[in-house]
Amino acid sequence: VQLQASGGGLVQAGGSLKLSCTAPAFAARRYAVAWFRQAPGKEREFVAALPRTSSNTLAEDSVKGRFTISRDNTDNTVYLQMNSLRPEDTAVYYCAASSGIIFGNLRIWSRYDYWGLGTQVTVSS
């Protein structure tokens, strides 16, 4: 499964960006999809996840109410809408997918089988 992530860029604090993660396989809803991020000198961090068949999304506490993960099956894409961006959101953002991951492991990056190349998000103060 090849994932293509896009949509990163430079934005001022308080601004918005929308990241996209595209894969033809997503249309079949066989995969749980998540976004992770990694800032320089820091470990990879869970951001948000969309389970394979459930509409109950997960989000890391610091992005709740600001970031929304969603799926659009018509174009095989999972989105991460990021609003009210803060400088501490600056990182490389990665999308990941897994067909066999259980709900309890959605926050664990090592449980994902497929990864896209990262997209840089930079938030200036």
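Scroll up a little and you will see the structure.
Reference entry: report on the structure contained in this document. Nothing here was measured: the structure is a model prediction, and the numbers come from that model. Within every chain, residues take consecutive numbers counted from 1 along the sequence as written. Reporting in this predicted model follows two pLDDT cut-offs: at least 70 for local features of residues, and 80 or more for side-chain atom pairs to be given and counted; totals over whole chains, interfaces and linings ignore these cut-offs and use all residues. With hydrogens and water set aside, each side-chain value is computed from the structure's full complement of heavy atoms.

## A look at the pattern of salt bridges
For this analysis, a salt bridge means a side-chain nitrogen from Lys or Arg found within 4 Å of a carboxyl oxygen belonging to Asp or Glu. Applying the stated criterion across every chain, the model contains 4 salt bridges. In this structure, D89 engages R37 in a salt bridge whose closest nitrogen and oxygen atoms are separated by 3.0 Å. In this pair, D89 sits in the loop between strand 8 (77–82) and strand 9 (91–98) while R37 sits in strand 4 (residues 32–38), placing the two residues 52 residues apart along the sequence. Across the pair, exposure class does not vary: D89 and R37 are buried alike. The structure contains a network of salt bridges with shared partners spanning R37, E45, R66 and D89. Secondary structure elements follow DSSP: runs of H or I no shorter than four residues count as helices, runs of E no shorter than two count as strands, and numbering proceeds from the N terminus. Accessible area is worked out with a 1.4 Å probe on protein chains only. A residue is then buried under 20% of its type maximum, exposed over 50%, and partly exposed in between.

## A closer look at the state of the cysteines
Throughout, disulfides are identified as pairs of cysteine sulfur atoms within 2.5 Å of each other. Counted according to the given criterion, the structure contains 1 disulfide. The residue that forms a disulfide with C21 is C95, at a sulfur-sulfur distance of 2.2 Å. Note on the C21 and C95 pair: the S-S dihedral is about 70 degrees, so by sign convention the disulfide is right-handed. Linking C21 in strand 3 (residues 17–22) with C95 in strand 9, this pair joins segments that are 74 residues apart in sequence. Since its relative accessible area comes to 0%, C95 is described here as buried.

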